[in-house]
Structures are given as structure tokens and as C-alpha cells.
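Examining the three-dimensional arrangement
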Amino acid sequence: MLRASLRHALGEFRLECELEAAPGSTLVLVGESGSGKTTVLRLLAGLLRPDAGRIECDGATWCDTGTRQWWSPQRRAVGYLSQDYALFPHLSVLDNVGFGLVASGHGRRTSRGMAAAMLERLGLTALAERRPSQLSGGQQQRVALARALVLEPALLLLDEPLSALDLETRHAVRTELRRTLRELPCVTVFVTHAPMEAMLFGDRIAVLERGRVAQTGDAPALLRRPRTRYVATLLGLNLLPGRVRHRGPGDEVALETPRGLVTLLAAEAGEELFLVVSPDQVTLSREPPSASARNVFPGVVEEILPEPPHGERVRVVLGPAPSFVAEVTAQASHAMGLTAGQRVYASFKATSVAAYA
Amino acid sequence: MIAASSPRWREPLGRALMLGLAALVAALVALPVVALVLRVPPGTLLAQLGNPSVQEALRLSLTTSVAAALVSVVIGLPMAHLLATRAFPGKRVLEILMDLPMVIPPTVAGFALLMAFGRAGLLGGTLTAFGISLPFTTAGVVLAQVFMAVPFFVGAARAGFSAVDPRYLDAAATLRAGEMHTFWRVRLPLALPSLVAGLGMAWARALGEFGATITFAGNLAGVTRTVPLDVYLLLHEDLEAAATLSLLLIVMAAVLLAGMRQAGLGLFAPPRAPRFAPPRAG
Amino acid sequence: MPLTPQRAHLQFGVVLLAGALLPALPLAGQQVLSVFAAASLTEAFNDLGRAFERAHPGVTVRLNYSGSQVLATQLEQGARADVLATADQRWMQYARDRRLLAGDAATFARNRLVVVIPRANPGYVEKLQDLTRPGLKLVLAGAQVPAGGYSRESLRRLNGAPGFPAAFDRQVLANLVSEEENVRAVVAKVRLREADAGIAYATDVGARDRDALTILEIPDPYNPIAEYPIAVVAGGHRELAGAFIALVLGPEGQALLATRGFLPPAPRR
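To start, this report covers the structure provided alongside it. Small disclaimer: the values here were computed from a predicted structure and weren't measured.

Side note on the sheet that holds strand β8 (residues 197–201) of chain C
Residues and elements named next belong to chain C. Judged by pairing direction, the sheet is mixed, and its five strands sit side by side in the order β7-β6-β8-β5-β9 without closing on themselves. The sheet is open, and its two edges are formed by β7 (176–180) and β9 (213–217), each paired on a single side. With strand direction ignored, the average angle separating the axes of adjacent strands in the sheet is 30°. When strand β6 (residues 138–141) meets β7, the two strands line up parallel, connected through four bridges. From the neighbouring strand, Leu 138 faces β7, where its bridge partner is Leu 176. Lying on the sheet, helix α5 (residues 146–158) is in contact with β5 (113–118), β6, β7 and β8; it crosses β6 at an angle near 125°. Across the face of the sheet, helix α7 (residues 183–191) comes into contact with β5, β6, β7, β8 and β9 while running at roughly 140° to β8.

What to know about unusual backbone geometry
Between A:Gly319 and the following residue, A:Pro320, the backbone shows a cis peptide bond with an omega angle of -10°. Backbone geometry at B:Phe136 places phi at a positive 65°, although glycine is not the residue there. Along the polypeptide, B:Phe136 turns up in the loop between α6 (124–129) and α7 (138–162). Positive phi outside glycine occurs at C:Arg99, with the angle close to 55°. Along the chain, C:Arg99 turns up in the loop between α4 (89–97) and β4 (106–111).

Details of helix α8 (residues 166–174) of chain B
The buried count for α8(B) comes to eight of nine residues, which makes it a mostly enclosed element. Its buried side turned inward, α8(B) meets α1 (37–45), β7 (78–81), α2 (93–103) and α4 (137–149) of chain A together with α9 (179–190) of chain B. The backbone nitrogen of B:Arg167 lies 2.8 Å from a side-chain oxygen of the residue at the head of α8(B), namely B:Asp165. B:Arg176, located one to two residues past α8(B), shows a positive phi value of around 75°.

As for the interface of chain A and chain B
Listed by partner, the interface residues are 38 residues for chain A and 28 residues for chain B. For the pair chain A and chain B, the summed buried area comes to about 2,900 Å², and 59% of that belongs to carbon and sulfur atoms. Across the contact surface, chain A and chain B share two salt bridges. Salt-bridge contacts for A:Arg42 lead to B:Asp170; the nearest nitrogen and oxygen are separated by 2.7 Å. If you look at where chain A meets chain B, you find five residue pairs in polar contact (both at pLDDT 80 or more). Breaking the side of chain A that touches chain B down by element, the ones donating at least two residues are α1, β7, α2 and α4 of chain A. Element by element, the count of residues in the side of chain A that touches chain B is highest for α1(A), at five residues. When the residues that make up the side of chain A that touches chain B are grouped by side-chain class, the tally is 18 nonpolar, 13 polar and seven charged.

Cut-off values and rules
- Residues numbered from 1 in each chain as written.
- Chains lettered and ligands numbered in written order.
- Predicted model: local features only at pLDDT ≥ 70, side-chain atom pairs only at ≥ 80, totals over all residues.
- Heavy atoms only, no water.
- Pairing = 2+ DSSP bridges.
- Helix = DSSP H or I, 4+ residues; strand = E, 2+ residues; numbered from the N terminus.
- Axes fitted to C-alpha atoms, helices over the stretch in contact; angles between N-to-C directions.
- Contact = heavy atoms within 4.5 Å.
- Buried < 20%, exposed > 50% of the residue type's maximum accessible area, 1.4 Å probe, protein only.
- Polar contact = N/O pair within 3.5 Å; in protein donor to acceptor, adjacent residues only side chain to side chain.
- Buried area = accessible area lost by both parts, 1.4 Å probe.
- Salt bridge = Lys/Arg side-chain N within 4 Å of Asp/Glu carboxyl O.
- Nonpolar A, V, L, I, M, F, W, Y, C, P; charged D, E, K, R; others polar.

Given below as C-alpha cells:
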């Protein structure tokens, strides 16, 4: 079990967060660069001392500023993968993996044996004698993982483990990494800026926004109910605040939003509601649509962004602020002849809008 | 289009000036060496190598300078590490102190060494009590050379230690490595090219040392008369022999510098991928 | 600022170069008389230079002191000077042989050798014979320095003298720990108590050294009295140089030299 409560200031930047994760689970910290993700990892690893806070892991108190308890990184049962893995360039793969064992007092021979066994477990035996400079990015990542795991950490910290990889290898490595992490008995804290990775890896996801946890939950909960516009944007959703204009028969509700009137079906009570529209539920047209069952927002095309990996779909960002995003096929976009500055109409069904208080 | 704001001739003129000055400095260094080579009658280099007194000076120079370089490494490493890794009060003063021998005139250095380690110097009584006498001895030559050479090693080693990517140190810390283990297994090997360069510089400086040696250790054949001192003596007796011996010293130094460069670059290739970006918050 | 190993070579290159260039720098509106003099003449020639400047307003005397062998080599390498005064005839002859002189040399002073010992006398040197005691630290000027040549000559003369062993010089030279580049460096090493004894000119023991040094006389027959010749250098200010030499040889100069402990030149036969 990991329980951490951290407060730390770095110049103007202030970090204040509480984290909790169960053994065998992965907690993903997702946020934009500058949101404090790496700082949290460095605090957990003991590479940075918090101004105030407490870290408990695996039944031990690693840090408690109240009682001045402090364990150095060396003492913590922690495994830490920095963004670029930091494999020692002067050591072979085998010696990289054995490094921590030798450092913690195991004999050279024992260390080599244990390191070799770990390499075998991760299917890296063939690379044992190579230097890090002779490895691909994905191989380096797996070696770094082996180097950390051979010490049997209670807490594994991964800082953007996929970001150093090129797009082609990322997919395969991602699958491989998920399989490895699923089998681990330890707590894993995984930091990423990519919502997609957060969804894939996170048993729980904590969204970091400017040093604070904006929202915590599992992937479905976050997708269903993003709490702030930031979380919604991060997850690629449209989020609009709305005020109830009137409630009709059944669950039909009319909401006044910054972009116009929206009709939806909602059971939520209250006057102020958030409404969420997934971009793939939005249709674009050059003329106002005739079907009356649809909500319609007029807008101006601001940007057209191809979606990774192959750009078969594009995200069309509509102004003016607050912007509204539609996701359509590249083909459709092309057929409509969409360009920046063009007036278009975005429409979506009442049933594809989620609202909550 | 924005028009070039400076006149068209400025660019080529500036470039010509740079080239000219570069040529000037190359000539400044190369010309004396060439002049020396011209002064050495063909065949005398080998003949001088057969001269017992030259052999004696050469042997002495080689042994003392190698010893001085090794001593510089042993006593310089901890200082370099300290300066590269720690912040402490008085660090500035220590840094200046470590650079001082590079700017003190060597003769002054020799005099200062006498004041400290001479028989009547500050530590003279203590040293004598232990039966140690440094002036007029080969050990004194080594001491003078170490004094002049150690800053070169400390400077290079310190730069090397400082240049080690902090990510490797973070990795080592989370892999249970204490400060000493990290020093021996991470910092030292990663800084090795700089250390080798520093060793070479220190050795070259010791090899060429003249002023501090003659002032502190004196000048006696076979004991303290190294090659530079021998050259100085020969200058008043036999200019051809002096030129030959000088050339020998220059060749040795040049070979050393070239070898060092080769070794420093070839120790191990820098990591290809991943590339290490500066750490960022987030 | 990395220094190259060629630094040591540069050093004496710079010494030679500085010797060549310094006297050539003219002071505005002033005549400069450049005098190259042996190191042992330092104090006496400082006095003489001042006396000359007093007698010749508008003239600056620039003095360059070094071992006679260094001065001769500097002249040979093209250094510019008007007057050369050496500590022995050998290096004056050397200069004459290379046509560096503009006239004959005249002897203007003589000097005696003495053994100098630190006042604390760490080597227990009471008499000349003590110089043979094993383990004694003796410094001499190098053999090519005039003082060094005279020192060795003196030790040789003492071989087999009453109360001295036949191989006296060899036994003494076995105690040699350093050959200094000039005679002043010998006195310095003894004054600093690094050496137990040294041989220098009587005039090298200045007033300030008297408290720190003890002097052991070398009896006349064994003391090769050093002769100091002076001459006009070719290509310099001939008249001014002649005037300076006249001052040195004249009563005022001789009196100044006497106060610094120099002996007058031997009467001409």
C-alpha cells in the first residue's frame, strides 16, 4: 500500500497532492508538462525532499516531515525509470541489471546470476553482453525495467516510459509493458501526458493540474464525468457548463450553455449542470441540418488536427471560445472541403450528451 | 525582405581578419619549433640519445614526471570530486587556491616551496624529525612538479565529474548505490576521458617544469637535473646540444598530447539513443 | 588557461628575448646607457649607475645582471648593450672572439672567494677541512659560471696543501648537492639554511647577509683572485660607454667599488 501526502514548492510552482495506491495496482498520474508529475516521482523516490508531507509504503514510513523521518533513495525499496532510462553507457546490459545488486552488497557472482535470471524472465538474455548504445529504444526500456525489478521494489516509478520511443515501436512496447506490469506484486506509479496511455495502464488515474490532483478515478468514471474543463480536454472530450432553462416531459432538459441552447435527456437534479459531448458523436455540415432532433452549434473552423497514429480521423476545432471539437474521418473532412476560417454547423443528438451536477 | 543592415564588405573583411589572426597565432607557436628543428644538425638527435649525461637527464625527467603525474591523480581526485559535487563555505577560496599554481611564476613557486618544506621552512623541523629532506633531492623535484601540475589534473577532473549527467546519479541512488559506490562505478568511469586528459596535462606540465625545480630542488646531475635544467645549462655551453635536447622534449610532449587526445576520444562511444535532455519539471 | 609543456622552453626563450628587447626600449627624450654586468656586481654597479646618472643629466643607465655566461650568450644572440662587465676573463674573451666588443677590455676590480656558512651552522663547519665531512650539503655555482670555475680551482689548489688531503677537491665535490646558475643563488641557498656551506665572492656577502652568514676565509695562495674586466660593446653608444668605463676606473668608481668589498686591480707591471 502506498500513501503519500506531499507539499513542495519549486520557485513559483507549488505542488500539493495526496496519493493512494494498492499493491499490484497501477496509479497513473496524467497531466500536461509542467503539472508536477516528475516532481511527484522524485519526491516518492527520495531524490527530492518535500517541504512538508509523509510517504508510507509497504508498511514503512519513508518520509515524515512531522517527525523528521527521512529515508534516502538507497534505503527505500523503490525502482525508478527516468524518461530516457539512464542506462549506464559504460556497462554491459548484464552489469547494468546487476548494478543495484552489487551496490546493495551482493557478491559479484551472485549478482550476475540474479541479473541473468531477470534478463531471462524479460526475454533479454540475447542482449546480455551488449552496451546500451547498441540497443533499440524499446530494448533499453526493458533493460531499465529489469534493472529496477531485480531489486524487488515495493514501489515502481515510471516516468513517461514510452515517450522516448518512436511511434512504430511504441505500440508493441506498450503491449509488452502492460503485460509485465500486470504481473507485478508492487505498487506502480506511472506518469504520462498521454490520456490514451492513462486509460490503458491506469487501474486508477489521477489527473494533475498545476500541482494539484484535479480528479481521481478509474478510466470509465473519468470519461463519464470529467470534473473540470482541463480533465475533459485532456481526455479529448467537450465539456460545457450549463444552466437549466426549463425541464420538459420525461427527462428532457433544456440548458443554456456558452455556445447556445442544448436539449438533452438527464435525470440529474440541480440548476447548474456539466454536459459532456464526445467528439466522435458530433457531425459537421456546411448548411444548417434539417433534422430537428439535433442540437446545433454554429462555429468557425480554427484547426484541423490529424489523429495519431495514421491520421485517418481528424479533430476539427471550432471557435469561438470555448472551443468545441468534432472528430470526423479524414475522408469526410476532405469531401466537405474543410479549411480554417470556414463557417460550419456542428450537430449532435440529445442522447449523446451526458450531464451531471 | 529585410535588407542587410551592415555594408556588404563587412562580412568578408571580418572573416579575413579572423583567418589572419588564426594564422598569426599558429605561426607564433610553430615558428620557434621549426627554428629549433632547423638548428639541430641531422643525426645529432640519435647521437645525443647515446650521450650518458643526456640519458641520465632523460631517465630522471621520465621517472620524476610520471611519479608527479600519478601523485597528482591520487591527491587530486578527491579534491576534484569535492569541488564538483559539494557546495560549502569557503569553496570559492579553495577554487582560487587550486588554480594558483597555474599563475604563480614557477621560480616564485620554488621559493615558496622552500619556505614551506625547506630545512628552515615551516614544516622543515617536522620533516627533519622524520628524517625527510626534500631540497636537493629527487623527491624534491617530484614535489615541485606536483605543485605545478596538480591544478591541471584537478581542473580537468572536476570538469569531467561535473559533466556527468545527473540522471545517471539519480539512477544509481535509486539502485541502492551509496556515494562511494557511485563514485567508483558511475562518476569515475563516465568522467574517465576527462581524467585521462587531466593526467596527460599534468604529466606534460611536470615534464616541462623548470623554475620551481631549479629553485626548490637545485641542480645536480643524476639527482635533480631534469631535461629542462640540462637544456638551460647546455644553452651556455653547446647550443646544438641544447637545441637537440629541446627538440627531444618537444617531440615527447607532442606525442603525449596526440596520444592523450586519441585515448580520451576513444575510451567509449557516447550513448547513441536515447538522447539526454535536461531534466524538466512535470 | 592550460599551459603547454613547452612552457619551460619558452621561459628561457623569454629570458633571452627580454634581455634583447629591454635595453632597446628608448625613454622619451632620454639617452639610455645599457650595461650588462655580472651578478656579483649588482650592488656596486647600482651605485655606479646612480653616480653616472648624476654626472650626466638626461642619461638613464639600464643595468642587466646575470651570470657572465648568460650575458655573453645574450650578446651573441643579438641583445643590444653598450657596456659589458664580466666576472672573469674567459667570458670577456668569448665576447671578443665573436667580435662583440668595440675595444680592449680593462680590469677594474678583483674579488676574493670565501666560504659562506649559515650563522646557525647546521653542518658544523669550523674550518675548510670540514667541507669533506660526508653528508654535508654544499652548493657551488655551476662549473661554467665564473664563480663556479674559481671555486673548483681553489679546491684543486688546496689538494695536498699542509693539513689537507691529496684528493681534497674530490672529497668536497662529493658533497655537492646543487650547481646554481649564478653566485647569488649560492648565497641565497646558504642564507635560507638549505645548504650547509657554499663558495662565493667576498662581495656577495652584503650588509644584510652579515647577520645570517659566517665567513670562512680561503688563504691567499689558494684563493684564485677573480678579475673583473669591462669593455665597450660593439654597435652601442661608444662615447657614453667610454665615459661610464672611465667613471668605473677613476677614483670615484674605485672608491665605490672598495666600499662594496672589491679589491683594486693589480698594479700594472
